[in-house]
Amino acid sequence: MANDKKEKKPNFFKRAGKAIAGFFKGIVSEIKKVTWPTKKQVVSNTLSVLAFCLVVGVIIWLSDFGLDALMSLISRLS
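Calculation criteria
Residues numbered from 1 in each chain as written. Predicted model: local features only at pLDDT ≥ 70, side-chain atom pairs only at ≥ 80, totals over all residues. Heavy atoms only, no water. Phe/Tyr/Trp six-rings, centres within 6.5 Å; stacked < 30°, edge-to-face > 60°. Buried < 20%, exposed > 50% of the residue type's maximum accessible area, 1.4 Å probe, protein only. Helix = DSSP H or I, 4+ residues; strand = E, 2+ residues; numbered from the N terminus. Salt bridge = Lys/Arg side-chain N within 4 Å of Asp/Glu carboxyl O.

Considering all chains together, one arrives at three aromatic pairs under this definition. A ring pair is formed by Phe12 and Phe13, whose centres lie 5.5 Å apart and whose planes are at 75 degrees; its orientation type is edge-to-face. Assigned by exposure class, Phe12 and Phe13 land together as exposed. Aromatic side chains Trp61 and Phe65 sit 5.9 Å apart centroid to centroid with 20 degrees between the ring planes, which places their arrangement in the stacked category. Pair noted here: Trp61 and Phe65 are both in helix H2 (residues 39–77), with a separation of four residues, about one helical turn. Judged by its relative accessible area of 54%, Trp61 is exposed. Judged by its relative accessible area of 55%, Phe65 falls in the exposed class.

Right, let's get into the environment of Ile27. Within the secondary structure layout, Ile27 lies in helix H1 (residues 12–33). Sequence separation between Ile27 and Lys6 is 21 residues, and the spatial gap between their C-alpha atoms is 34 Å.

Our focus in this paragraph is the pattern of salt bridges. Pairing is possible between side chains that carry opposite charge, provided their charged atoms lie close to one another. Scanning the model with the defined rule gives one salt bridge in all. Across the pair Lys33 and Glu30 runs a salt bridge, and its minimum N-O distance is 3.3 Å. Of this pair, Lys33 and Glu30 both sit in helix H1, three residues apart, which is roughly one turn of that helix. For Glu30, a relative accessible area of 48% translates into the label partly exposed.

Keep in mind these numbers describe shape, not what the thing actually does.
Quick look at the structure:
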């Protein structure tokens, strides 16, 4: 029983190296599963986002313009 030695676990650097290697293998595995959009989809989505931003910008501008006119009217009445 005295001769039974516990197996030593690998040193810190070997364990860290295996963990890092496993991490990057997982990343590569996940990237292979990704379905990348086509050029047509990217252009379509980009144009949709730009149109939406333009619409929201116009709404904000009109709100600002209207509220400014309302504040001017209120200040003239006071």
